[in-house]
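The residues making up each chain are set out below.
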Amino acid sequence: MMHVKLEDLKFKYDGAQSYTIDGFSLEIEEGEIIALLGDSGCGKSTILRILSGLEDRVSGRIEIGGRAVLSESVFVEPEHRNVGLVFQDYGLFPHMTVEQNIVYGLKGMSKAEKKERLCEVLKLVKLEGVEKRYPHELSGGQQQRIALARAIAPKPKLLLMDEPFSNLDAGLKKKIREELRDIIKSEGITSIIVTHDLEDAEGTSDRIVSMN
Ligand SMILES: Nc1ncnc2c1ncn2[C@@H]1O[C@H](COP(=O)(O)OP(=O)(O)OP(=O)(O)O)[C@@H](O)[C@H]1O
């Protein structure tokens, strides 16, 4: 059984002339990392918004982990989709420490369990000891790893990353691509990485899906 299924998705932004997404389908195996590759404006970020539940008025069907989150009769709200997101600008809350940022998304856990998961994910991204710092006290690469730690802390069924390498300098990129792939693989999280860069796609994914 496929872990994630997108079937014939169609979506048009308010006031737009034509469909931004017009019949998009994709199936992803459990633990697979997909790179969604395509030129600027082809609709990559829109697919992530649709998967996260940020756009209603989408037609088609979406299943995540065997459960329909979108169909003719179903619309599951973003917070109940079990989807983790890493934004292009990382989207860390600037007024919260690293610890607060990561623990924020952990629901239904005791304080001790939250602390344990915090330590686990910081170890995973090799940033133990920074929990009391604020995002602006970290480098770009470190912020990206904290954003990743925050997204995977609740053990999402699907991890979405929008251009996760765009703010990193070229020298760092290769190393960070490999690290990112290792971290996701070690947690076994099914993932979609959006990028316009073929090297980023090849360096991180198991399979490239072209959207052009
Ligand atoms: N809120 C919006 N309202 C109307 N049109 C939008 C909106 N957001 C995006 N679009 C349009 O939808 C199309 C797809 O945008 P999207 O951001 O998904 O592309 P993308 O492939 O992620 O591009 P990029 O790589 O530049 O981020 C573009 O033509 C864009 O102008």
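Residues numbered from 1 in each chain as written. Predicted model: local features only at pLDDT ≥ 70, side-chain atom pairs only at ≥ 80, totals over all residues. Heavy atoms only, no water.

S.K.: So, the site of the ligand: which residues are in play, and what are the values?
M.R.: In the neighbourhood of the ligand, the contacting residues comprise Y13, T20, D39, S40, G41, C42, G43, K44, S45 and T46. G41 is positioned such that a nitrogen or oxygen atom in its backbone is 2.8 Å from an oxygen atom of the ligand. Taking C42, its main chain carries an N or O atom lying 3.2 Å from an oxygen atom of the ligand. When the ligand is considered free in solution it has 640 Å² of accessible area, and contact with the protein chains removes 55% of it. Of the residues that constitute the shell around the ligand, the class distribution is two nonpolar, six polar and two charged. (Near = heavy atom within 4 Å. Polar contact = N/O pair within 3.5 Å; in protein donor to acceptor, adjacent residues only side chain to side chain. Areas by Shrake-Rupley, 256 points an atom, 1.4 Å probe, with all protein chains shown as cover. Nonpolar A, V, L, I, M, F, W, Y, C, P; charged D, E, K, R; others polar.)

S.K.: How would you sum up the nonpolar core? Please name residues and give values.
M.R.: Core analysis: the largest hydrophobic core is formed by 32 residues, its most contacted members being I102, L122, I146, L148, L159 and M161. Of all the secondary structure elements, the ones that give two or more residues to this core are helix 2 (98-103), helix 3 (111-124), helix 4 (140-152), strand 7 (158-162) and helix 5 (170-187). For this core, the leading source of residues is helix 4, giving six residues. Apart from residues lying up to four places away in sequence, L148 is in contact with V86, V125, L159, M161, L180 and I183. By size, the runner-up hydrophobic cluster in this structure holds 27 residues, among which are I34, I62, V69 and V209. (Core = buried A, V, L, I, M, F, W, Y, C linked by side-chain atoms within 4.5 Å. Buried < 20%, exposed > 50% of the residue type's maximum accessible area, 1.4 Å probe, protein only. Helix = DSSP H or I, 4+ residues; strand = E, 2+ residues; numbered from the N terminus. Contact = heavy atoms within 4.5 Å.)

S.K.: How would you summarise the packing of aromatic side chains if you had to cite specific residues and measurements?
M.R.: Taken as a whole and assessed by the stated rule, the structure comprises two aromatic pairs. Measuring from ring centre to ring centre gives 4.8 Å for F11 and Y13, while their planes differ by 80 degrees; the resulting arrangement is edge-to-face. Measuring from ring centre to ring centre gives 4.9 Å for F93 and Y104, while their planes differ by 65 degrees; the resulting arrangement is edge-to-face. Of the two residues, F93 sits in the loop between strand 6 (83-86) and helix 2 while Y104 sits in the loop between helix 2 and helix 3, which places them eleven residues apart along the sequence. Exposure remark for F93: the relative accessible area of 26% places this residue in the partly exposed category. (Phe/Tyr/Trp six-rings, centres within 6.5 Å; stacked < 30°, edge-to-face > 60°.)

S.K.: Any chance you could break down the packing of helix 4 against helix 5 for me, citing the residues and the numbers?
M.R.: Direction vectors running N to C along helix 4 and helix 5 enclose 15 degrees, while the axes themselves pass 12 Å from each other. The orientation of helix 4 relative to helix 5 falls into the category roughly parallel. The way helix 4 lies across helix 5 gives a crossing that is right-handed. In this structure, helix 4 uses G141, Q144, R145, L148 and I152 to contact helix 5, whose residues at the interface are I176, E179, L180, I183 and E187. Of the residues assigned to the contact of helix 4 with helix 5, the class counts are five nonpolar, two polar and three charged. (Axes fitted to C-alpha atoms, helices over the stretch in contact; angles between N-to-C directions. Parallel < 35°, antiparallel > 145°, perpendicular 65-115°, else oblique. Left-handed = near helix turned anticlockwise from the far one by under 90°.)

S.K.: Just give me the short version of the sheet that holds strand 6, but keep the residues and values in it.
M.R.: One open sheet holds the five strands; their spatial order is 6-7-8-3-9, and the pairing between them is parallel. Either end of the sheet is taken by a strand with one partner, and the two such strands are strand 6 and strand 9 (207-210). The sheet shows a mean angle of 20 degrees between the axes of neighbouring strands, direction not considered. (Pairing = 2+ DSSP bridges.)

S.K.: Can you explain unusual backbone geometry? Please cite residues and give values.
M.R.: The backbone phi angle of R57 is positive, close to 60 degrees, even though this residue is not glycine. With respect to the helices and strands, R57 occurs in the loop between helix 1 (44-52) and strand 4 (59-64). Classification of R57 as exposed rests on a relative accessible area of 53%. Unlike most non-glycine residues, Y90 shows phi in positive territory, near 75 degrees. Since its relative accessible area comes to 5%, Y90 is described here as buried.

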